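# Results of the structural survey
Letter by letter, the chains look like this.
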Amino acid sequence: MAKKVVIAGAGLGGLSTALRLAYAGYEVEMLEQHERAGGRLNILQKDGFTFDIGPSFFSMSYEFKELFDSIGEPMPFELNELNPLYTVNIEGRDKVYRIFKDLEKLAQEFSAIEPDFERKAEKYLKRAGEVFHDTEYRIVKKNFNGMLPFLLSMATVPKKHLPKMFRSFWAELERHFESEDVKIIFSLVAFFLGATPFNTPSVYNLLNYTELKHDGYWNVKGGMYKIAEGIISMLEKKGVKIHCNTRVVSVQEQGGKMVSVTDQNGKVWNADLFVINADAASFRGKFLNRSGFTEKKLDKMDWTLAPFTIYLGVKGKMDGIAHHNYFLGNNFRQYADTIFRSTVAPDKPYYYVNVASKSNPECAPEGCENLFILCPVPDRRVKPDWHDADKLADDIIQDLGKRVGFDIQANTISRTIYTPLEWEQMFSLYRGSGLGLAHGMNQIGAFRPANKDEKLNNVYYVGASTHPGTGLPIVVIGSKLITEKITHEHPAV
Ligand SMILES: Cc1cc2nc3c(=O)[nH]c(=O)nc-3n(C[C@H](O)[C@H](O)[C@H](O)COP(=O)(O)OP(=O)(O)OC[C@H]3O[C@@H](n4cnc5c(N)ncnc54)[C@H](O)[C@@H]3O)c2cc1C
């Protein structure tokens, strides 16, 4: 008889693991606390609009191809390459920068501020690309069974990259570019890692390589949730049941193994193997009482920023804005220095806006736009209370309206706000942190909560806070890594 696997959590990490395991012959069942599978990759349907609530684009699209190739099935959704990748609107500048993957075109955008941009960028990205390719298989796409194998693997990374561990992301940019705006734009990716460009090591310049040279950015025709829908319908065909509104509230262990988990209604779910897609750090503390993951210790770890998100249905077409846009103020360094620590909502917020209806008209009624606004804010360790949510939303909407020349407030027909509190409650995100544990050098590889449990031989973890880390393609890689471990250590039959 096939081994039974229960997966706690149906985010992308859980779903892609379920797919691989079901096709490898395991009997798989999924438990999801939210009303709909997908985790952070989810939707909100309201007032005739359909909003993707979280991720809006991704790099390394080939990881999705790998997922479906590995099970011999066609990809159940259509990828769409972003061009331009995004726009950047910096307060006080007389132009909005369009960021192209084509460096010749990008050089034209920057011609007035960064002479000889293309040559400089080629040089900068060549080095960043070397780091990417020298760590891809040695670190990111590799399973580690402990600290020693990880350190040995690290030791195989060419020594020429060593100075990049000690230099900041920003310092590396300063070695290549003069324009403050170019440096600001290139350093935006650092915030995804849970740090600022001023305190992130420059090895992470590799993210600029992934966006500008390697694979660019992609989204999905018909909306990002098509990814989850596509996987869910394939799972249904394989007989995998996803039980939504089912929250794991306790786990039962016996003889070095997990034997069952219990949901909020007292129902007990037995299995041979368990995959935890809930946060790999806080799950260990909350459900397994591990001393390394007490609330006190979790609070001392580095977490990524929390999302403050606004979903707006707007009457009328907004010509002054593209599909993916960043809106920044004119105090970048000061903003970066305070954003992780500030106990109050930002005064002049920096934010990202996605107008999904620009490329997916079906997500908004005729003649309307669908706006997703994301303002990264401190997590709930720093700012626990969000009674001022409406004021922050009003400030952002007013600022945005001014900058794109459209009266958004007067034309809003649907408005929803998720503060870090809602994000925490919906998906059990620790203190509302949006992308999970940060990716400083002390929280990667074997320093990150492992993808196999330290004590229970039949428990594995997948998702943002375990190895290799956060972001859609990265959790898909994570599902490949634990599938390798599971099929090797506990064959399906
Ligand atoms: C606002 C926002 C924007 C983002 N934008 C991007 C982007 O543009 N591109 C990108 O690549 N990434 C983006 N990300 C990050 C990306 O969404 C995540 O890295 C990825 O979705 C994580 O997937 P996961 O499977 O690890 O976790 P999750 O999606 O959180 O899935 C975990 C699941 O486990 C469930 N769960 C937790 N505890 C329990 C329990 N006790 N019992 C049962 N179920 C439980 C949760 O409800 C959840 O559904 C964004 C994230 C946010 C929040």
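Just above, that's the structure.
Let us look at the structure shown here. All values derive from a computational prediction rather than experimental measurement.

## A word on unusual backbone geometry
The amide bond that connects Asn 83 to the next residue, Pro 84, takes the cis arrangement and shows omega of 0°. Looking at the element boundaries, Pro 84 is found in the loop between β5 (79–81) and β6 (86–90). The step from His 467 to Pro 468 runs through a cis peptide bond, and the omega angle for that step is 0°. As for its position among the elements, Pro 468 is in the loop between β19 (459–461) and α17 (472–489). Positive phi values are uncommon outside glycine, yet Met 60 reaches one of about 50°. By secondary structure assignment, the location of Met 60 is in the loop between β4 (49–52) and α2 (62–70). A tally of 22 C-beta atoms within 10 Å means that Met 60 is categorised as buried.

## Re the sheet that holds strand β2 (residues 27–31)
The strands making up a sheet associate through backbone hydrogen bonding, with each pair oriented either parallel or antiparallel. Taken in spatial order, the 5 strands line up as β9-β2-β1-β13-β19 in an open sheet, and their pairing is parallel. The open sheet is flanked by β9 (241–243) and β19, the only strands paired with a single partner. Shown here is a sheet whose adjacent strand axes are inclined to one another by a mean of 20°, direction ignored. Two elements, strand β1 (residues 4–8) and β2, share 5 bridges in a ladder whose sense is parallel. The residue bridging Ile 7 from the neighbouring strand is Met 30, located in β2.

## Topic: the environment of Gly 222
For Gly 222, the location among the structural elements is in the loop between β8 (218–220) and α10 (225–237). For Gly 222, a count of 16 C-beta atoms within 10 Å translates into the label partly exposed. Between the C-alpha atom of Gly 222 and that of Ala 356, which follows or precedes it by 134 residues, the distance is 9.2 Å. With residues near it in sequence (within four places) discarded, Gly 222 still touches Asn 360 and Glu 362.

## Structural notes on the sheet that holds β6
Sheet architecture is open: 7 strands sit in the order β7-β6-β15-β16-β17-β14-β18, paired in mixed fashion. Of all the strands in the sheet, the pair left with one neighbour each is β7 (97–99) and β18 (412–418). Pairwise comparison of adjacent strand axes, ignoring direction, gives a mean angle of 20° for this sheet. Direction of pairing for β6 relative to β7: antiparallel, over a ladder of 3 bridges. Following the sheet pairing, Tyr 86 is matched in β7 by Ile 99. In the packing of helix α14 (residues 389–404) onto the sheet, contacts are made with β6, β14 (306–315), β15 (324–328), β16 (351–355), β17 (368–377) and β18, and the angle to β14 comes to roughly 55°.

## Digging into the nonpolar core
Of all hydrophobic cores here, the largest spans 145 residues; its most connected members are Ala 18 and Phe 274. Per-element tally for this core: the top contributor is α17, with 8 residues. Residues from two domains meet in this core; each of domain 1 (4–79 + 220–301 + 438–489) and domain 2 (102–215) gives at least three. The residues contacting Ala 18, other than those within four sequence positions of it, are Ile 7, Val 28, Met 30, Leu 235 and Val 240.

## What about the packing of helix α1 (residues 12–23) against α17?
The interhelical angle for the contact between α1 and α17, taken along N-to-C directions, is 40°, at an axis separation of 8 Å. Our classification of the angle between α1 and α17 gives oblique. Note that α1 runs across α17; the crossing there is right-handed. Side by side, α1 and α17 meet where Leu 12, Gly 13, Ser 16, Thr 17, Arg 20 and Leu 21 of the first sit next to Leu 472, Val 475, Val 476, Gly 478, Ser 479, Lys 480, Ile 482, Thr 483 and Ile 486 of the second. Taken together, the residues that form the contact of α1 with α17 break down as 7 nonpolar, 6 polar and 2 charged.

## Focus: the packing of α2 against α17
Contact geometry of α2 with α17 gives a least axis separation of 9 Å together with a crossing angle of 30°. Considered as vectors, α2 and α17 are oriented roughly parallel to each other. Remark: the crossing between α2 and α17 carries left-handed chirality. Residues Glu 63, Phe 64 and Leu 67 of α2 pack against Pro 473, Val 476 and Ile 477 of α17. Within the contact of α2 with α17, the residues separate by chemical class into 5 nonpolar, no polar and 1 charged.

Reading the values: rules and limits
- Residues numbered from 1 in each chain as written.
- Predicted model: local features only at pLDDT ≥ 70, side-chain atom pairs only at ≥ 80, totals over all residues.
- Helix = DSSP H or I, 4+ residues; strand = E, 2+ residues; numbered from the N terminus.
- Buried ≥ 20, exposed ≤ 12 C-beta atoms within 10 Å, placed from the backbone.
- Pairing = 2+ DSSP bridges.
- Axes fitted to C-alpha atoms, helices over the stretch in contact; angles between N-to-C directions.
- Contact = placed C-beta atoms within 7 Å.
- Core = buried A, V, L, I, M, F, W, Y, C linked by C-beta atoms within 7 Å.
- Domains from an automatic or database assignment.
- Parallel < 35°, antiparallel > 145°, perpendicular 65-115°, else oblique.
- Left-handed = near helix turned anticlockwise from the far one by under 90°.
- Nonpolar A, V, L, I, M, F, W, Y, C, P; charged D, E, K, R; others polar.

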